[in-house]
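What follows is each chain in one-letter form.
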Amino acid sequence: MSALIIFSLLVALMLTGMPISIALGMTVLTFIFTMTNVPTESVALKLFTGIDNFEIMAIPFFILAGNFLTHGGVARRMINFATSMVGHWYGGLGLAGVMACALFAAVSGSSPATVIAIGAIMLPAMVRQGFPKRFGAGVITTSGALGILIPPSIVMVIYCVATGGSIALDPAGQRVSSASVGQMFMAGVIPGLMLATLLGVTTFYRAYKYDYPRLPKASWTERFVAFRKCMWGLLLILIVLGGIYAGLFTPTEAAAISAVYAFVIAVFVYRDMSLRDVPKVLLGSANMSAMILYIITNAVLFSFLMANENIPQQIAAWITSVGVDWIIFLLIVNLLLLIAGNVMEPSSIVLIMAPILFPVAVKLGIHPVHLGILMVVNMEVGMCHPPVGLNLYVASGIAKMGITELTIAVWPWLLTMLIFLGVVTYVPEISLWLPRALGML
């Protein structure tokens, strides 16, 4: 009954058009003040301790690094390198767009940032080359979603924060801790590369089918020159993932180092950004960080209410009592997250759903890392379909296309992503093999 009241109140507040962060806070306060004896002081304390988390510091640093790279010419150099490598294949610029999005995703951690950085350059170039605008918009919109799957990923950090305080017992009754940021980053490598490859295959097939333009084949000298120019940006991948795996620094420290490194190469190495532009980038990053942290604060309060009412454990007990196995459960999770993707943005979905799903999944023997990657892939799909797909709105502004037209344009790649979601859901080793091979699980 408590769960029904809580979620009914949350949905009712969201239907009024209230921002999700405020709706979360209002739901918690209303329920606590009217239906529980929880003291007000504990609510205030939870608001403070909810973001008193070392891992949360990674979020503003990764946002800052991504903004420096977006404005610092790194994307243009990655596009030139990708074009030199695959531009001579069918749909060359489209394939280069997929490859450039994958490369930029590995240094930015954000899907909208990837769409902006790559799409603003690649889409006009594809139209000039003779590609239909719909084709280019479909490629960039969906490939940009790789920004939250290929590490470093802000959504992965949010998942770890959301599940950090949850209590979960495995089928044997042993307590299971949530996934760490390092584990999630490593787990995202193989799924990210697989999805990038599948999106590339879809792009190649459609370009071959409709005989879209190809570029002249670049020489190995031109490829080497393009690689050398984008090398400083690509080094960030090695610094973040290599440093985490080698134990040189934590993911949060890696985020701080990436922000400093991105600043240095944007201002002093590539010199595409002047020192006068830095305050604007800092302010934009602060605004985005504040928005995400505000959502996290209220979502942590919502998780506190869930835990106080013992709702996740009740759901887990009910699911196991009715005989639902992990196969059916993961199907239900996918449907639930895909539906949620129609009305909420990824950070909010993860922050609300992860603390509820995590104990249930562990009870059914599902690994926390597998659940995390599953949620991230669902969030990717949600970013590419209406009505609140962030990538759609960003790409719409770049391509000057309506949301309806853009939705039609992305369907071949969106179908590919849904097929990939099914594979990742029921083949856990895709997510677990690499971190297990590296001794992280």
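It should be noted that the structure appears before, not after, this text.
What you are looking at is a predicted structure, and each value in this text was computed from that prediction instead of being measured.

Turning to the layout of surface pockets, a few remarks are in order. Approximately 530 Å³ is the volume found for the largest pocket. Only helix H2 (20-35), helix H4 (58-71), helix H7 (111-129), helix H9 (154-163), helix H14 (278-308) and helix H17 (346-363) provide two or more residues apiece to the lining of the largest pocket. Counting residues per element, the lining of the largest pocket draws most heavily on H4, at five residues. A per-class count over the lining of the largest pocket returns 17 nonpolar, nine polar and one charged.

The next thing to look at is unusual backbone geometry. Across the junction of Pro151 and Pro152, the peptide omega takes the value 0 degrees, indicating a cis bond. For Pro152, the position within the fold is in the loop between helix H8 (133-143) and H9. With a phi angle near 55 degrees, Asp211 is a residue other than glycine that sits in the positive phi range. As for its placement among the helices and strands, Asp211 is situated in the loop between helix H11 (189-210) and helix H12 (220-246).

Our focus in this paragraph is the nonpolar core. If you look at the biggest cluster of nonpolar residues, it comprises 159 residues, and the most contacted ones within it are Ile118, Tyr159, Ile296, Phe329 and Met375. If sequence neighbours within four positions are ignored, Tyr159 has contacts with Ala179, Met184, Val350, Ala354, Phe358, Pro368, Leu371, Gly372 and Met375.

What follows covers the packing of aromatic side chains. For the coordinates displayed, the defined rule picks out 13 aromatic pairs. When the centroid spacing of 5.6 Å and the interplanar angle of 55 degrees are considered together, the rings of Phe81 and Phe227 count as tilted. Placement of Phe81 in helix H5 (residues 74-86) and of Phe227 in helix H12 is noted, with a sequence separation of 146 residues between them. Given a relative accessible area of 34%, Phe227 falls into the partly exposed group. Geometrically, the ring pair formed by Phe131 and Phe135 is stacked, given 5.6 Å between the ring centres and 15 degrees between the ring planes. In terms of burial, Phe131 and Phe135 fall into one category: buried. Looking at Arg77, its charged tip hangs above the ring of Tyr270, at a distance of 3.9 Å from the centre. Between Arg223 and the ring centre of Trp220, over which it is positioned, the NZ or CZ distance is 4.5 Å.

In total, this model carries one cavity of 30 Å³ or more according to the counting rule given. For the largest cavity, the calculated volume is near 30 Å³. Gly341, Met344, Glu345, Pro346, Ile349, Met379, Gly382 and Met383 are the residues that line the largest cavity. Of the residues belonging to the lining of the largest cavity, the class tally is five nonpolar, two polar and one charged.

What the rule picks out here adds up to four salt bridges. Close ionic contact of Glu405 with Arg134 constitutes a salt bridge, the shortest N to O distance being 3.5 Å. Within this pair, whereas Glu405 is found in helix H20 (residues 403-426), its partner Arg134 is found in helix H8, the two being separated by 271 residues in sequence. Taking the relative accessible area as the measure of exposure, Glu405 reaches 34% and is therefore partly exposed. Here Arg436 ties to Glu429 by a salt bridge, and the two come within 2.6 Å at their closest N and O atoms.

Let us now look at the environment of Ser178. By the element assignment, Ser178 lies in the loop between H9 and helix H10 (181-187). Taking the C-alpha atoms as reference points, Ser178 and Thr163, 15 residues apart in sequence, are found 5.9 Å from one another. Apart from the residues within four sequence positions on either side, Ser178 is in contact with Cys160, Thr163, Gly164, Phe358 and Pro368.

For the rest of this paragraph, the subject is helix H16 (residues 326-340). Taking 1.5 Å per residue, 15 residues should reach 21 Å; H16 reaches 20 Å between its end C-alpha atoms and fits that length. By the burial criterion, the buried members of H16 are Phe329, Leu330, Val333, Asn334, Leu337, Leu338 and Ala340. Buried residues of H16, seen end-on, are gathered within an arc of 165 degrees and therefore sit on one face of the element. Residues of H16 that are buried make contact with helix H15 (311-321), H17, helix H18 (368-382) and H20.

Counting through the fold element by element, Pro428 comes out in the loop between H20 and helix H21 (429-437). In sequence terms Pro428 and Leu414 are 14 residues apart; their C-alpha atoms lie 22 Å from each other.

For Ser396, the position within the fold is in helix H19 (residues 390-399). Using a relative accessible area of 14% as the deciding quantity, one classes Ser396 as buried. Ignoring any residue separated from it by four or fewer positions in sequence, one finds Ser396 in contact with Met401, Gly402, Ile403 and Leu406.

Conventions we followed
Residues numbered from 1 in each chain as written. Predicted model: local features only at pLDDT ≥ 70, side-chain atom pairs only at ≥ 80, totals over all residues. Heavy atoms only, no water. 1 Å grid on protein atoms, 1.4 Å probe; cavity = no way out; pocket = protein on both sides within 12 Å on 5 of 7 lines; lining within 4 Å. Points joined across faces, edges and corners; volume = space filled by probe spheres on them. Helix = DSSP H or I, 4+ residues; strand = E, 2+ residues; numbered from the N terminus. Nonpolar A, V, L, I, M, F, W, Y, C, P; charged D, E, K, R; others polar. Core = buried A, V, L, I, M, F, W, Y, C linked by side-chain atoms within 4.5 Å. Buried < 20%, exposed > 50% of the residue type's maximum accessible area, 1.4 Å probe, protein only. Contact = heavy atoms within 4.5 Å. Phe/Tyr/Trp six-rings, centres within 6.5 Å; stacked < 30°, edge-to-face > 60°. Lys NZ or Arg CZ within 6 Å of the ring centre and 35° of its normal. Salt bridge = Lys/Arg side-chain N within 4 Å of Asp/Glu carboxyl O. Expected span 1.5 Å × (residues − 1). Arc of directions from axis to C-beta.

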